[in-house]
Amino acid sequence: MWKVKRWLFSCLLVLIGLPRVNAQFENIWVFGRNAGMDFNMGAPSFYSSAIGGGERTASICDEAGRLLFYTSGDQVWTSDHQLMPNGDTLIKDPLLPGTWPYCRSTSNATLIMPVPGQKRKYYLFSLTHTEMQQWAGRLYYSIVDMSLNNGMGDVEIQNSSILLDSNLTEHLTGVTGDRCNSWLICIPNPSTASGSRFKSYEVTGNGLSRVPVESNVEGIYSAGLQFGKIDLSPDRRKVAVCRSDGFRTGGYAVELYDFNPATGILSNLRLLSDRHVPGKECYYGVSFSPDGSKVYASGASNVSSSGGMFQFDISKSTVEEIIRSRTFIDNAFDVKLGPDGKVYYLQLKTAGSTVGVINHPNLAGLACQPQPDFISAIAGAGLGGFPNRVPVVRSDTILTVRQVSTPCFTDGRNHTIRAMDDSTGWGYLWNNGMAVPATTTDTPGLYWVSYHTPPCTYHVDTFYVAFANGVLPVMDVDTACFNATNGAVRLRTYPSDTVRYRYTWKDASGRTISGGDTLRQLAAGTYSLHIATERCDTLLSVAIPQAGYRVSFQIDSILCQGEAADFQNTSNTHYTSYHWNFDDGTYDQDPDPVHTYAEPGLYNVQLVGKGAICSDTFNRLITVDRHIAGSFHLPKTSICEGEHIDFYPLGDSSVTGLEWQFGDDARFFGELEGLVQHAYDRPGTFGVQLTTHFRACPGSTYTDTVTVYPLPLLQLGPDTVLCPDTGPIRLQNVLPRIDSSTCLWSTGDTTAYILAKHPGIYTLRLTNAHGCIAEESIAITKDCFIDIPNVFTPDGDGHNDYFYPKPQLSKGWVTCHITIWDRWGRTIFESRSANGRGWDGKLSGAELPGGVYLYRIEVGALDRTEIYTGNVTLLR
C-alpha cells in the first residue's frame, strides 16, 4: 500500500565522503520519485533516476558496483534510465481507476534475486498492493536476461508476469541460503490463511520451486496488519517483521524470529511490541545493525510525517530485557542498512524529505550517534521507501595447503585426515573417491578433498602426509585352523618408508621365539611384539585368531526307517570337498546327500571337510525309528448295551499320540499307556478307528468293529399294595416279548408271571440269547385306604360308638361316600363327609335294634378310588 501517495516530497542529497565497506550489488539505491543514493565513492551521494515513485523499489549492481537495472515492480529500467524491452508492464491484472499502478503502493513491492549459477540472469518478483482488491496480494515473477539488448538487459517473453502465489500481505524479502541457494520469504494474509504462517520459496541453479516451505509459527493474526517491512540479520539467522494496519487505527507489531537458512524455516517468535502508544509508534520499516545485535524499527504517526524510530537490543537474554532496552533514536519513516555498515533512515517532512544516518549502529542507545538530515531534500525529488535487499549467492573458492607430520609409530591404516571440524559442509570428494568429511591414509603422499560450506564457498584442501618417525608396519595375519598350527604373521613396511625397525617376538609364556618379521606354524593365541627404531619403540599384542572354518550339517535327530533323509551341509564355504560316513556301511562325497536307512537303530554320522587351508570333522548321533503300523487288541468283539469294552493299543516308544474314534461320535486323544475303556449306550455294530502318530515315521490308521447287543425289554409296572378283601396281584413283564429271553423270579419261578399274595419285593431277571440281562423289581406293601370294623357298640362309653372306616394310607383320602341299608334294603344312613364320625346306630334320632346291616363305602385319594361292600353288626 502506498501510504504517502498524496504527498510529493523534495530532497537535497548532499555528497559526503564515507569509507566504502561493501561496494557491490547494493552500491546504488534507486527509490522514491527520480531519487537514489550512490555509495561507490564512499560517502553516499545523490543519484538521479527515471523511476516514478513507490514504497519499496529494487535496484542491483554488478560486482564492481555499476548499476545494472532497477524496478518499481510493474516496470523495469535499464542502467541508462530507459524502460527495458518487454519491461513496460510486468503485471497483466486489471488496473482499478484512481489507484496507483499495481505495486507502487506495496510495502515491499519488488525484489531482485540473481539466478544461482547464471551470472547474467535475474529473477524479478512483483507483489500487488492491497488497493487492487480481488487482485491484491498476488506475487508474480519475471526473468531479466542481461545478455540481451546489447548487454543492457531484456525481460524474457516466455518468463514474464508468471503468477507464483496470491492472498499475501505486503511483506516480501529474500535471503541467501546455506547450499548455494536463496530463499524468497512472504507471509499469507491472515484473513485467508490458517494462522500466520510464513512461506519460503527456494531458488537454486535448477530453478524456482513452486512448492514453498511453510513455517507454522504463532504470530499476529489480525487481518488489518498487512503492511510493513521485513529484514534478515547479516548472519541470516534472524528475521525481524514490522506489521502495521496502514496508519488507520495505530495497530502495529514488531516480531523477531529465528531463521534456518538451510531449511527456510522460521521459528521462536518473540513479540517485541504489540501495543499502540499514540503519537510516535506505528512500526513500518525495519533493519538490523551490521553485527545483528540491534533492531531498528521505524514508522509514521500519520501519512504526512515520520514516526518514531526505536532501537531494540536483541542481544539481551530475555524478551522482557529486549523490550525494556527499547530506545527512541529519531523520527523516521523507513530504515535500511547501507553497504558502508551504517544505517540510513528516511525522514518525511512537509518542507522536504531528508535522509538521516546512524553512524555507529552496533552501539546501544543514543551511543549509536544518529545524525538527522544527513542528506538534505532537493526540489522535485520525492522520497519513497528504501529499495529491497539483494540476496546474492556468492560462489567463492578457497584453496588450502597443509603439511601433515605424524608422531612415533603412526598407524597409517587409521591416520585420519579431516577437511573441517564442523558439520556444515557438503559435497565432499577425496582423491581416493571417498565422499565423507574425513578419510584415512595408509601411505605417505599427496591427498586432496573438495567440498562446499555455507553459503556457497568452494574449498579445495591439499595435504602433504609424511611419516618421518616411523609407521607401524602392516601385519598380515593368517588364522590358525581348529586344533592346528598353521597360523602365521608377516610384517610389511611401506615402500617409501626408510626407517630401520628391530623386532622381538615372544609367546604367551614370555619366551622369545623370533627376531624376524615373519612367524609361521603358530597355534591360535596371543603373542607379543616389541618394535624399536632409532627414535621410538613400542610393545604390541598380536592375536592369531582361530579360523572359523568349521564343517557342520543339519538333519533331524530322529529319522524313520526306509524314508529318504536330506542332509543339509552348513559348512563354511572354505571347504571344497566332503566325505560322509553314515555308520551303516555306506559313504558319500556329495555336499548335500540324500540317504535312506534300511534298519532302525542309533547311528553316528560323520562329515569330513577339506579346504585350501583347513580340514575339519563333525559328528552327530541319529536315531532311526522302526517303521511300524499302530493297532489295538480286543479281548472280545461283542458286548451288551451299557457295558464297557477294553481296547489295548499296540506300538513302541516312537509313538507320540493316539487318536481314537469309537463309531458313536465319541473321540479320545491319548498316549500309549495301557488299556482304553469305552461304553456304548445303544446297540449296533460300531467301527472303531485308531490313528497312531509317530515322532518320525508317518502316522497309520487301524480299524476294527465292535458289536453291541440290546438288553431284553422289561417293565413290571409301578409298585402296588395288598388290601383286605382283595385277591393276589398278578406280576408279569408288561412289555411285549420280542425274543426268547428266559425268566427267573426272585421266588425261583421261571414262568412268565406269578401271583403275589403277600407284601414284599419281587424281582424278575430276563436273559436273552446273547447273555444280555435285564432286571427289575416291584414292591408290594400292605397299604390300603381304609380299615373297616365289622362290629360297633353305640352304648355311649366312648369306645367303638360309631361305625366309620379308618384311613390307612399315609396321605389319607380325599373323598368318602358311605351308604348303609337294613336287611330289607331300606337306606338308613348316608354320608359324603371325609372327616365325619360315621353312623351312631340311629335312624332319625331313634335307636335301631341290634343286628346285621349292609354297607357300601367309596373312598378316593389323588391317585386312585376304591369301593368296599360288606356288613357290620350292631350290638346293644
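Everything numeric here is computed off the predicted structure, so don't read it as measured data. (Residues numbered from 1 in each chain as written. Predicted model: local features only at pLDDT ≥ 70, side-chain atom pairs only at ≥ 80, totals over all residues. Heavy atoms only, no water.)

1. As for the overall build of the chain
Thought 1: From N to C terminus, the chain includes one helix and 73 strands.
Thought 2: The burial tally for the chain puts 48% of its 876 residues in the buried class.
Thought 3: Once local pairs closer than 6 in sequence are excluded, the contacts in the chain between residues at least 24 apart make up 56%.
Thought 4: Element-wise, carbon and sulfur atoms account for 49% of the exposed surface of the chain, whose accessible area totals about 40600 Å². (Helix = DSSP H or I, 4+ residues; strand = E, 2+ residues; numbered from the N terminus. Buried < 20%, exposed > 50% of the residue type's maximum accessible area, 1.4 Å probe, protein only. Contact = heavy atoms within 4.5 Å. Areas by Shrake-Rupley, 256 points an atom, 1.4 Å probe, with all protein chains shown as cover.)

2. As for the pattern of salt bridges
Side-chain pairs of opposite charge can arise whenever the charged atoms involved come near each other.
Thought 1: The final tally for this structure, using the stated rule, is 23 salt bridges.
Thought 2: Here Arg492 ties to Asp476 by a salt bridge, and the two come within 2.5 Å at their closest N and O atoms. Within this pair, whereas Arg492 is found in strand S36 (residues 487-492), its partner Asp476 is found in strand S35 (residues 474-478), the two being separated by 16 residues in sequence.
Thought 3: Judged by relative accessible area, which is 22%, Asp476 ranks as partly exposed.
Thought 4: Several salt bridges share partner residues, and in doing so they unite Asp178, Arg236 and Arg237 into one network. (Salt bridge = Lys/Arg side-chain N within 4 Å of Asp/Glu carboxyl O.)

3. Notes on the environment of Thr865
Thought 1: If you trace the backbone, Thr865 turns up in strand S73 (residues 865-874).
Thought 2: Sequence-wise, Thr865 and Cys816 are 49 residues apart; in three dimensions their C-alpha atoms are separated by 9.7 Å.
Thought 3: Apart from the residues within four sequence positions on either side, Thr865 is in contact with Glu858, Val859 and Gly860.

4. Description of the sheet that holds strand S61 (residues 742-745)
Thought 1: The four strands are arranged S59-S64-S63-S61 in an open sheet whose pairing can be described as mixed. Across the chains shown, the open sheet's two edge strands, defined by having one partner strand only, are strand S59 (720-721) and S61. (Pairing = 2+ DSSP bridges.)

5. Comments concerning the sheet that holds strand S17 (residues 230-232)
Thought 1: Spatial strand order, S17-S18-S19-S20: four strands in an open sheet with antiparallel pairing. Two strands in the sheet have a free side with no partner beyond their single neighbour: S17 and strand S20 (265-273). Mean inter-strand twist for the sheet, computed between neighbouring axes without regard to direction, equals 20 degrees.
Thought 2: In this structure, S17 lies alongside strand S18 (residues 238-244), joined through three bridges in antiparallel fashion. Opposite Asp231, over in S18, you have Ala240 as the bridge partner. (Axes fitted to C-alpha atoms, helices over the stretch in contact; angles between N-to-C directions.)

6. Describing the side chain of Gln75
Thought 1: Among the secondary structure elements, Gln75 is positioned in the loop between strand S5 (67-71) and strand S6 (76-78).
Thought 2: Looking at Gln75, the relative accessible area reads 15%, which means it is buried.
Thought 3: Here Asp88 takes part through its side chain, which lies 2.7 Å from a polar atom of the side chain of Gln75.
Thought 4: In this structure, Gln75 is in contact with Tyr70, Leu83, Gly87, Asp88, Leu90 and Arg104, ignoring residues within four places of it in sequence. (Polar contact = N/O pair within 3.5 Å; in protein donor to acceptor, adjacent residues only side chain to side chain.)

7. Looking at the state of the cysteines
What we call a disulfide is simply a covalent bond connecting the sulfur atoms of a pair of cysteines.
Thought 1: Under the counting rule described, the total for this entry stands at four disulfides.
Thought 2: Note that Cys180 is cross-linked by a disulfide to Cys456, the S-S spacing being 2.1 Å. Residues Cys180 and Cys456 are joined through a disulfide that is right-handed, its torsion about the S-S bond being 95 degrees. A residue pair is termed long-range when its members are at least 10 positions apart, and Cys180 in the loop between strand S12 (168-176) and strand S13 (182-188) and Cys456 in the loop between strand S33 (445-453) and strand S34 (457-466) qualify at 276 residues. With respect to burial, Cys180 and Cys456 carry one shared label: buried.
Thought 3: Bridging Cys640 to Cys772, the disulfide has an S-S length of 2.0 Å. Looking along the S-S bond of the Cys640-Cys772 disulfide, the torsion reads about -90 degrees, which is the left-handed sense. Of the two residues, Cys640 sits in strand S52 (residues 638-640) while Cys772 sits in the loop between strand S63 (760-767) and strand S64 (773-781), which places them 132 residues apart along the sequence. (Disulfide = S-S within 2.5 Å.)

8. Points about the packing of aromatic side chains
Thought 1: In this structure the tally under the stated criterion is 37 aromatic pairs.
Thought 2: Here the aromatic rings of Phe198 and Tyr257 are separated by 4.9 Å at their centres, their planes lie at 70 degrees, and the arrangement is edge-to-face. Here Phe198 is found in strand S14 (residues 198-204), whereas its partner Tyr257 is found in strand S19 (residues 252-260), with 59 residues between them in sequence.
Thought 3: Taken together, Trp29, Phe31, Phe39, Tyr344, Phe374 and Phe386 form an aromatic cluster joined through their ring pairs. (Phe/Tyr/Trp six-rings, centres within 6.5 Å; stacked < 30°, edge-to-face > 60°.)

9. Some points on the pairing of strand S49 (residues 601-611)
A regular strand places its side chains so that they alternate between the two faces of the sheet.
Thought 1: Where strand S46 (residues 575-581) lies against S49, six bridges are found, and the strand directions are antiparallel. When the sheet's bridge partners are listed, Ser577 is paired in S49 with Lys610.
Thought 2: Taken together, the ten bridges between S49 and strand S50 (residues 615-625) define a ladder with antiparallel strand orientation. By the bridge assignment, Gly601 is partnered in S50 with Val624.
Thought 3: Joining the antiparallel neighbours S49 and S50 is a turn of three residues.

10. A few points about the pairing of strand S2 (residues 35-38)
Thought 1: The two faces of S2 match: Ala35 and Met37 on one face and Gly36 and Asp38 on the other face are all buried.
Thought 2: Inspection of the sheet shows strand S1 (residues 28-31) paired to S2 by four bridges, in the antiparallel sense. When the sheet's bridge partners are listed, Phe31 is paired in S2 with Ala35.
Thought 3: The antiparallel pairing of S1 with S2 creates a hairpin that spans three residues between the two strands, and Gly32 there sits at a positive phi of about 65 degrees.
Thought 4: Note: S2 against strand S3 (residues 45-46), two bridges, orientation antiparallel. The residue of S3 that forms the bridge with Met37 is Phe46.
Thought 5: The loop that links S2 with its antiparallel partner S3 comprises six residues; one of these, Gly42, has a positive phi angle of about 105 degrees.

So yeah, pure geometry; function would need other evidence.
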